[in-house]
Amino acid sequence: MQDQVDAPALDRSTTKPVISAKSLDLTFQTNDGPVHALSGVDLDIGKGEFVSFIGPSGCGKTTFLRCIAALETPTGGMLTVNGMSADEARRARAYGYVFQAAGLYPWRTIEKNIALPLEIMGYSRSEQDERIARVLDLVELSNFGKKYPWQLSGGMQQRASIARALAFDADILLMDEPFGALDEIVRDHLNEQLLELWARTEKTIGFVTHSIPEAVYLSTKIVVMSPRPGRITDVIDSPLPKERPLDIRDTPEFLAIAHRVREGLRTGHAYDD
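Since the structure is predicted, the reported quantities are computational estimates derived from the model, not experimental observations.

Cut-offs and rules
Residues numbered from 1 in each chain as written. Predicted model: local features only at pLDDT ≥ 70, side-chain atom pairs only at ≥ 80, totals over all residues. Heavy atoms only, no water. Phe/Tyr/Trp six-rings, centres within 6.5 Å; stacked < 30°, edge-to-face > 60°. Helix = DSSP H or I, 4+ residues; strand = E, 2+ residues; numbered from the N terminus. Buried < 20%, exposed > 50% of the residue type's maximum accessible area, 1.4 Å probe, protein only. Axes fitted to C-alpha atoms, helices over the stretch in contact; angles between N-to-C directions. Parallel < 35°, antiparallel > 145°, perpendicular 65-115°, else oblique. Left-handed = near helix turned anticlockwise from the far one by under 90°. Contact = heavy atoms within 4.5 Å. Nonpolar A, V, L, I, M, F, W, Y, C, P; charged D, E, K, R; others polar. Pairing = 2+ DSSP bridges. Core = buried A, V, L, I, M, F, W, Y, C linked by side-chain atoms within 4.5 Å. Domains from an automatic or database assignment.

Q: How would you explain the packing of aromatic side chains if you had to name every residue and give the values?
A: Per the stated rule, a full pass over the model turns up seven aromatic pairs. Measuring from ring centre to ring centre gives 5.8 Å for Phe-50 and Trp-198, while their planes differ by 85 degrees; the resulting arrangement is edge-to-face. Remark: Trp-198 occurs in helix H6 (residues 184-201) and Phe-50 occurs in strand S3 (residues 50-54); sequence separation between them is 148 residues. Like Phe-50, the residue Trp-198 is buried in the burial classification. A centroid spacing of 5.8 Å and a plane angle of 50 degrees characterise the contact between Phe-50 and Phe-207, whose relative ring orientation is tilted. You can see Phe-50 sitting in strand S3 and its partner Phe-207 sitting in strand S8 (residues 204-209), a full 157 residues away along the chain. Phe-50 gets classed as buried once you look at its relative accessible area, which sits at 0%.

Put into structure tokens, the structure is as follows:
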């Protein structure tokens, strides 16, 4: 790989955040009593940032992502997406969402799976074809559009799922641990591809992970969360360059950030009863 020049930091001092949470709370009412999923979450995400959420299972990181996507409704505080409520942003198709499982319909080809949201949104057939071809190229699956999901590897299925989320060209991409079930070699390759995709599209990305190396490698900002009720224990702005070969993970700068994330996770456990 050729030597890369460090990307200049984005100046967001005068830019309104794309996603903003202020004192956000979410309590689920259950038969066993209330479950406090999120408590006092304050966070701003700027345009074009790659923000990873990391914390122990049940800490509320996926719940927060689902609040952004209007799949859950906060019980306190304020949340805006592109200056709108989360529900308004959902209706404005402000984001694409990639789940933990690819969620592809086995009876539809990869092209037809990607076409599904475009069909629902009423795009013409010609525009569907153009968008499908473009996103298949973005995720390096141009030769697999006629295949069925069962004919693709797990990593390729996840790339198809990302293509589907990109098909209607939303500015925000929300990803809920999309590579968690994949082996380390495939995961590393998809991490590289995701960074390249982010650089080409300049999307704002929210990414949930349990992996410290993955969070540090991918992100411009890392949000460390405590066990339930989910609180933010640290927000780390990464000093790493935008262009990141895999071997950057062996550098002192990378290891220092990983150490800070690990310490943030330990600090968060002090909230345990």
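Past the structure itself, the notes keep going.
Q: An account of unusual backbone geometry is requested, with residue identities and associated values reported.
A: In this model, Arg-228 is joined to Pro-229 through a cis peptide bond whose omega is 0 degrees. With respect to the element layout, Pro-229 can be found in the loop between strand S9 (221-225) and strand S10 (232-237). Phi is positive for Ala-70, close to 60 degrees, though the residue is something other than glycine. Here Ala-70 is to be found in the loop between helix H1 (61-68) and strand S4 (76-81). With a relative accessible area of 23%, Ala-70 lands in the partly exposed category. Positive phi outside glycine occurs at Glu-202, with the angle close to 60 degrees.

Q: Describe the packing of helix H3 (residues 110-121) against helix H4 (residues 125-138), listing the residues and the values that go with them.
A: At a minimum axis separation of 10 Å, H3 and H4 run at an interaxial angle of 125 degrees. By the angle class used here, H3 and H4 are oblique. At the point where H3 passes H4, the crossing takes the right-handed sense. Residue-level contacts link Ile-110, Glu-111, Lys-112, Ile-114, Ala-115, Leu-118 and Glu-119 of H3 to Arg-125, Gln-128, Arg-131, Ile-132, Val-135 and Leu-136 of H4. Taken together, the residues of the contact of H3 with H4 sort by class into seven nonpolar, one polar and five charged.

Q: Give a description of the sheet that holds strand S1 (residues 19-30) that names residues and reports values.
A: Spatially, the four strands line up as an open sheet ordered S2-S1-S4-S5, and their pairing is antiparallel. If you trace the sheet from one side to the other, it starts and ends with strand S2 (33-45) and strand S5 (84-85), each paired once. Relative to S4, S1 runs antiparallel, the two sharing five bridges. Considered in S4, the bridge of Ser-20 is made with Thr-80.

Q: I'd love a proper account of the nonpolar core, names of residues and values included.
A: Leu-194, Val-216, Ile-222 and Val-261 are the most contacted members of the largest nonpolar core, which has 51 residues in total. Sort the elements by how many residues they give to this core and helix H5 (residues 154-166) lands first, with six residues. Shared between two domains, this core holds at least three residues of each, these being domain 1 (11-94 + 173-272) and domain 2 (104-169). Grouped together as the second largest cluster of nonpolar side chains are 29 residues, Val-18, Leu-79, Val-81 and Met-225 included.

Q: Tell me what's going on with the pairing of S3, and back it up with residues and numbers.
A: Counting buried residues in S3 gives five out of five residues, a clear majority hidden from the surface. Residues Phe-50, Ser-52 and Ile-54 of S3 are buried on one face, and the alternating residues Val-51 and Phe-53, pointing to the opposite face, are buried as well. Strand direction decides the pairing type here: S3 and S8, joined by five bridges, are parallel. Each residue of the ladder has a partner; that of Phe-50, found in S8, is Ile-205.

Q: Lay out the sheet that holds S9 in plain terms, naming residues and giving numbers.
A: Ordered in space as S6-S7-S8-S3-S9-S10, the six strands form an open sheet in which the pairing is mixed. Strands at the two margins of the open sheet, each flanked by one partner only, are strand S6 (95-98) and S10. Strand-to-strand, the axes of this sheet are offset by a mean angle of 15 degrees, without reference to chain direction. As paired strands, strand S7 (residues 172-176) and S8 are joined by five bridges and run parallel to one another. By the bridge assignment for S8, Leu-173 is matched with Ile-205. Docked against the sheet, H5 engages S6 and S7, running at close to 160 degrees with respect to S6. Contacts from H6 reach S3, S7 and S8, with the element oriented near 160 degrees to S8.

So yeah, pure geometry; function would need other evidence.
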